[in-house]
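Observations on chain architecture
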Amino acid sequence: GESVGLHLPTLSVQEGDNSIINCAYSNSASDYFIWYKQESGKGPQFIIDIRSNMDKRQGQRVTVLLNKTVKHLSLQIAATQPGDSAVYFCAETDDMRFGAGTRLTVKP
Amino acid sequence: DTGVSQDPRHKITKRGQNVTFRCDPISEHNRLYWYRQTLGQGPEFLTYFQNEAQLEKSRLLSDRFSAERPKGSFSTLEIQRTEQGDSAMYLCASSPQQGNQPQHFGDGTRLSIL
């Protein structure tokens, strides 16, 4: 069946560096994607979303890129801070599917 | 706090017991979702409501699971005859009805089966 998945389970970066978290999806009809951040013991927190008629969307320190040709999403975090350490999920909301997540660790 | 609220935060019970969890969504949100999350995995969709109508159920939702949203506001998720494999975090989320909107999650109920 269709699935949403992530390329890497863990990512470690130095404080101040930029982070890039990737996500692949296989449902070409997917229309809406969301990135969530989940800290330990808490529920997922909305970061940014993008609709399929866009290829880029920017927020505060975060940018989401959507490549529909290769069915790939990425989340870029600028100037990563220790508070960004968490697990990041992409979600394809048409089927309400989440990837397994990437754990981002920021080293001071 | 006007976010999604879940109760209890933690539940420990013996295998075979029944448990019920409650979710209070953001008040103006028509849609309410239940997910299950095990360690190291993303949330897995269980079911969702639009107002009081249960519109979709996952195959993960066995006959031992039932969810209700009788007045279109809060929802309950009941698990009967709990099994070891039911140990997980149960997350609730809500969203507005109109168009594509992000889901807002509560902090979950962690269920541990002894």
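Now for a quick tour of the structure. Please read these numbers as outputs of a predicted model, since none were measured by experiment.

Quick notes on the rules
- Residues numbered from 1 in each chain as written.
- Chains lettered and ligands numbered in written order.
- Predicted model: local features only at pLDDT ≥ 70, side-chain atom pairs only at ≥ 80, totals over all residues.
- Heavy atoms only, no water.
- Helix = DSSP H or I, 4+ residues; strand = E, 2+ residues; numbered from the N terminus.
- Rg over C-alpha atoms; globule rule 2.2 N^0.38 Å.
- Buried < 20%, exposed > 50% of the residue type's maximum accessible area, 1.4 Å probe, protein only.
- Contact = heavy atoms within 4.5 Å.
- Areas by Shrake-Rupley, 256 points an atom, 1.4 Å probe, with all protein chains shown as cover.
- Phe/Tyr/Trp six-rings, centres within 6.5 Å; stacked < 30°, edge-to-face > 60°.
- Lys NZ or Arg CZ within 6 Å of the ring centre and 35° of its normal.
- Pairing = 2+ DSSP bridges.
- Axes fitted to C-alpha atoms, helices over the stretch in contact; angles between N-to-C directions.
- Disulfide = S-S within 2.5 Å.

Some words on the overall build of chain A
Of the regular secondary structure elements, chain A holds zero helices and 11 strands. For chain A, the succession of helices and strands along the chain, N to C, is β-β-β-β-β-β-β-β-β-β-β. Relative to the compact-globule value of 13 Å for 108 residues, chain A shows a C-alpha radius of gyration of 13 Å, a close match. If you line up chain A on its principal axes, its C-alpha atoms span 40 × 25 × 20 Å. Sorting the 108 residues of chain A into buried and exposed places 44% on the buried side. Long-range contacts, defined here as pairs at least 24 residues apart, represent 52% of the contacts in chain A between residues at least 6 apart. On chain A, roughly 5,300 Å² of surface is accessible, and the fraction owed to carbon and sulfur atoms is 46%.

Observations concerning the packing of aromatic side chains
Evaluation of the coordinates by the stated rule reveals 12 aromatic pairs over all chains. Relative to Phe 98 of chain A, the ring of Tyr 36 of chain A lies with its centre 5.5 Å away and its plane at 35°, an arrangement referred to as tilted. Of this pair, Tyr 36 of chain A sits in strand 4 (residues 32-38) while Phe 98 of chain A sits in strand 10 (residues 97-98), and the two are 62 residues apart along the sequence. When its relative accessible area of 11% is taken as the criterion, Phe 98 of chain A is described as buried. Measuring from ring centre to ring centre gives 5.5 Å for Phe 98 of chain A and Tyr 35 of chain B, while their planes differ by 85°; the resulting arrangement is edge-to-face. Of this pair, Phe 98 of chain A sits in strand 10 while Tyr 35 of chain B sits in strand 4 (residues 31-37), on two different chains. Both residues of the pair, Phe 98 of chain A and Tyr 35 of chain B, belong to the buried class. Clustering of aromatic rings is evident, with ring pairs tying together Tyr 36, Phe 89 and Phe 98 of chain A together with Tyr 33, Tyr 35, Phe 45, Tyr 48 and Phe 105 of chain B. For the cation-ring pair, Arg 22 of chain B lies above Phe 74 of chain B, with the distance from its terminal atom to the ring centre recorded as 3.9 Å.

Things to note about the sheet that holds strand 1 (residues 5-7) of chain B
All names here are of chain B. Spatially, the four strands line up as an open sheet ordered 1-3-8-7, and their pairing is antiparallel. Whereas interior strands pair on both sides, the edge strands pair on one side only; in this sheet they are strand 1 and strand 7 (65-68). The sheet shows a mean angle of 15° between the axes of neighbouring strands, taken without regard to direction.

What to know about the pairing of strand 11 (residues 109-113) of chain B
The side chains of a regular strand alternate, residue by residue, between the two faces of the sheet. Residues and elements named next belong to chain B. Only one face of strand 11 is buried, namely the one carrying Thr 109, Leu 111 and Ile 113, since none of Arg 110 and Ser 112 on the opposite face is buried. Two strands pair when backbone bridges link them, and strand 2 (residues 10-13) and strand 11 are joined in this way by four bridges, in the parallel orientation. Each bridged residue has a counterpart across the sheet, and for Ile 12 the counterpart in strand 11 is Ser 112. When strand 9 (residues 88-95) meets strand 11, the two strands line up antiparallel, connected through three bridges. When the bridges of strand 11 are listed, Met 89 appears paired with Arg 110.

So, the state of the cysteines
What the rule picks out here adds up to two disulfides over all chains. Each sulfur in the disulfide pair Cys 23 of chain A and Cys 90 of chain A lies 1.8 Å from the other. In this structure, the disulfide formed by Cys 23 of chain A and Cys 90 of chain A twists by about 50° around the S-S bond and is classed as right-handed. Of this pair, Cys 23 of chain A sits in strand 3 (residues 19-25) while Cys 90 of chain A sits in strand 9 (residues 86-92); the two residues are 67 residues apart in sequence, bridging distant segments of the chain. Since its relative accessible area comes to 0%, Cys 23 of chain A is described here as buried. Its relative accessible area of 0% is what places Cys 90 of chain A among the buried residues. In this model, Cys 23 of chain B is linked to Cys 92 of chain B through a disulfide, with the two sulfur atoms separated by 1.9 Å.

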